[in-house]
Amino acid sequence: MSTEDILADPAVDAARPRPTQGYPRLRRLLRHRLFMTGAIILVIVLLATLAADLIAPYSPLKNDFRYRLGAPNAVHLMGTDNFGRDVLSRVLYGGRTSLAIGLMVVLASTFFGTLIGVAGGYFSRLDNPVMRLMDALMAFPGVLLAIALAAVLGPSVLDVVIALTVTYAPRTARIVRAAVLVVRRMEYIDAARVAGAGHLRIIWRHVLPNSLGPLIVQMTFIFAVSILAEAVLSFVGVGPPPPTPSWGNIIADGRSYIPSAPWISLFPGLVIAITVLGVNLMGDGLRDVLDPRLKLEGR
Amino acid sequence: MTHPVLLKVEGLTKHFGGRPGLFRAQRPVLRAVDGVDLVVHRGETLGIVGESGCGKSTMGRLLVRLLDATGGKVEFDGVDLLSLKGRALTAVRRDLGMVFQDPWASLDGRMTVRDIIAEPLDIHRAATGADRRRRVAELLDVVGLPASAADKHPHQFSGGQRQRIGIARALSLRPRFIVLDEAVSALDVSVQAQILQLLGDLQAEFGLTFLFISHNLAVVRNIADRVAVMYLGRIVESGPTQALFDAPRHPYTQALLSAIPVPDPERPRRRVVLKGDVPSALAPPAGCRFHTRCPIAQEICRQTPPVVTVGPDHTAACHFADSPLTAS
């Protein structure tokens, strides 16, 4: 009996260990300290934001001119702003806007970036025209492009999302295209074509599942950068319009009072820093686990 | 060979490069396959041998319509294969199969073995539900794998087992013609023998016709009924395996055969060592393509391409195929 026969023997086969059982990557991720730290930070921020209705001590929009520019104290933990609004409440509600913008930008730029990247990587005819256009978009510094677009589109949450998507989708497209170029040459694609599979089937069943891995890390990056970019856009006056709070426009509103009331800008700034740190830690953890160079199991 | 003809190839040509694009400069034309004439009989195994880059893989891909030919004609069971498009092409694909070289790259690691083997069935909507499960189980059994393999992923198998999965996939629509492109080259020698055995059994059981592409002469001698030798995009000699190995007529075939190691130190070996490298397919030599390296080349070889000399079922594209010079 040869090795091949032994391996094919059902009885022997049943006794063999199964390396993929129990999601080894997920287990490695859960053991990754930095990833878990980031995940815990993000979960806390998310929960606090979602529960703003329950835990915010005041309305984020209620003016109280008796307490204008009040320093942090037991009643207003993060102080009050120039209209006497409670900064803590505004930060909690503002998180909804900022995180929603981050999430929408991630989804939209992943969708359009994947669409464009697959088009360029899979259909070689489209590659040059499409990717040169993406190169042109990427030639602008990201935030500058977003500012220009937001200035044209006008200030609204949706316009901020569109501006940031136009800025980050080309980067996503590049990554997807690179992965598709590799996958496209695999023999299993040829096998599907010999069997008569059409382009849509090949893209959906083979190309996409095998090329989206590198995108996960990129998605965390875009999420973090979008939150920062929202703050930048607000700071130059093209962010989400007041009075709806976002982390960015709270900071922007407080900038005239930085010498006398630094807490208005300081606290939302800290929250942004912590959130972005958490997301980036998750991204690093994901990369450690997903990076093929560190991958232990063979394919 | 009294069997009827299944596949008839005339003047098959594939040129790469050439046309310039908007962002791309004009590239020189690479003549990968440059006028191949072939006949494959029903139920036989035709071995295609040649060095790396001689165009044998490209030819295999042309015959299953993975690549579009530049010119020539391929008649498959009376149908003009190269002119088919759309539905008609999809329909004829049920009769064509292919087994690939690399058992690690030819199976999608994210799919289960069941989905891999059933993919051709899914594409042609040939079987669903319980029928699909039954067909996969049958195919696994046919290639000597346990039914439990269906729900596993390819990386849980060895190279030989993976190649069996690839064969099961190629068989799933019960095709009549299968191109095996270096199908055992990536496997260990002991595993090669098992896969070759399996292929022989399957051929007998299902009446399959194989085009067996390989650079390994020993393997081809083992499995092929007839052999065609390729050099620089052309067939230089073809004939029954026995005749071709015993009495090669083309000097290139003689050189190839003399390079096979003989596992007997006592036996004298007559090596025909070729000088130089294979000329570039970007600028193939005029006249006989082989004249730049041929030990018996004469003036005529530099001038005119050799007319294919025909014996009974044995052809050799050499001016001196019948002369004593090659009889050595």
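As a reminder, the structure under discussion sits directly above these lines.
Residues numbered from 1 in each chain as written. Chains lettered and ligands numbered in written order. Predicted model: local features only at pLDDT ≥ 70, side-chain atom pairs only at ≥ 80, totals over all residues. Heavy atoms only, no water.

Our next topic: the overall build of chain A. Within chain A, the regular secondary structure consists of 14 helices and zero strands. For chain A, the N- to C-terminal ordering of α and β elements is α-α-α-α-α-α-α-α-α-α-α-α-α-α. Expressed as a percentage of its 299 residues, the buried residues of chain A come to 47%. Of the roughly 14800 Å² of accessible surface on chain A, 70% is carried by carbon and sulfur atoms. (Helix = DSSP H or I, 4+ residues; strand = E, 2+ residues; numbered from the N terminus. Buried < 20%, exposed > 50% of the residue type's maximum accessible area, 1.4 Å probe, protein only. Areas by Shrake-Rupley, 256 points an atom, 1.4 Å probe, with all protein chains shown as cover.)

Before going further, it helps to examine the environment of W263 of chain A. Residue and element names in this part refer to chain A. Here W263 is to be found in helix 14 (residues 263–290). Residue class for W263 comes out buried when judged on its relative accessible area of 13%. It is 7.5 Å that separates the C-alpha atoms of W263 and P72, two residues lying 191 residues apart in sequence. With residues up to four places along the chain from it excluded, the contact list for W263 reads L69, G70, A71, P72, M78, G79, T80, V87 and P268. (Contact = heavy atoms within 4.5 Å.)

Once that is clear, we can look at the pattern of salt bridges. For the coordinates displayed, the defined rule picks out 29 salt bridges over all chains. Measuring nitrogen to oxygen at the nearest pair gives 3.7 Å for the salt bridge that ties R201 of chain A to E119 of chain B. Pair noted here: R201 of chain A is in helix 11 (residues 199–211) and E119 of chain B is in helix 3 (residues 113–123), and the two residues belong to different chains. Among the ionic contacts, a cluster of salt bridges with common partners joins D81, R85, R90 and D253 of chain A. (Salt bridge = Lys/Arg side-chain N within 4 Å of Asp/Glu carboxyl O.)

Residues and elements named next belong to chain B. Taking burial as the measure, the five residues of strand 7 (residues 177–181) include five buried ones, the bulk of the element. Neither face of strand 7 is left uncovered, since the one carrying F177, V179 and D181 and the one carrying I178 and L180 both have all their residues buried. Where strand 6 (residues 96–99) and strand 7 come together, four bridges link them in parallel fashion. Residue pairing in the sheet places L96 in a bridge with F177 of strand 7. Note that strand 7 and strand 8 (residues 209–213) share five bridges and pair parallel. Residue pairing across strands places L180 opposite F212, the latter belonging to strand 8. (Pairing = 2+ DSSP bridges.)

According to the stated counting rule, one finds six aromatic pairs over all chains in the structure shown. Here F111 of chain A and F112 of chain A contribute two aromatic rings whose centre-to-centre distance is 5.1 Å and whose plane-to-plane angle is 85°, an arrangement assigned as edge-to-face. Residue F112 of chain A is classed as partly exposed on the basis of its relative accessible area of 41%. Relative to F290 of chain B, the ring of Y231 of chain B has its centre 5.0 Å away and its plane inclined at 85°; by these criteria the two rings are edge-to-face. Taken as a pair, Y231 of chain B in strand 9 (residues 226–231) and F290 of chain B in the loop between helix 9 (251–258) and helix 10 (299–303) lie far apart in primary sequence, 59 residues in all. Relative accessible area serves as the criterion here: at 2%, Y231 of chain B is assigned to the buried category. An aromatic cluster of at least three residues, connected via ring pairs, comprises Y231, Y252 and F290 of chain B. A cation sits over an aromatic face here: R255 of chain A above F235 of chain A, 4.9 Å from the ring centre. (Phe/Tyr/Trp six-rings, centres within 6.5 Å; stacked < 30°, edge-to-face > 60°. Lys NZ or Arg CZ within 6 Å of the ring centre and 35° of its normal.)

Take the state of the cysteines next. Considering all chains together, one arrives at zero disulfides over all chains under this definition. C294 of chain B takes part in no disulfide bond, and the closest cysteine sulfur to it belongs to C318 of chain B, at a distance of 6.0 Å. (Disulfide = S-S within 2.5 Å.)

Once that is clear, we can look at the interface of chain A and chain B. Taken together, the 32 residues of chain A in the interface contact 40 residues of chain B. Both sides of the chain A and chain B interface together cover about 3100 Å² of buried area, and 51% of this is carbon and sulfur. Our count for the chain A to chain B interface comes out at two salt bridges. Our count for the chain A to chain B interface comes out at 12 residue pairs in polar contact (both at pLDDT 80 or more). (Buried area = accessible area lost by both parts, 1.4 Å probe. Polar contact = N/O pair within 3.5 Å; in protein donor to acceptor, adjacent residues only side chain to side chain.)

Residues and elements named next belong to chain B. If you walk across this open sheet you meet the four strands as 2-1-4-5, and the pairing is antiparallel. Every other strand in the sheet has two partners, leaving strand 2 (27–41) and strand 5 (79–80) as the edge strands with one partner each. With five bridges connecting them, strand 1 (residues 5–18) and strand 4 (residues 71–76) associate as antiparallel partners. The residue bridging V9 from the neighbouring strand is V74, located in strand 4. Taken strand by strand, helix 1 (residues 56–63) contacts strand 1, strand 2 and strand 4, and its axis lies near 115° from that of strand 1. (Axes fitted to C-alpha atoms, helices over the stretch in contact; angles between N-to-C directions.)

By themselves, these are just geometric observations and shouldn't be taken as functional.
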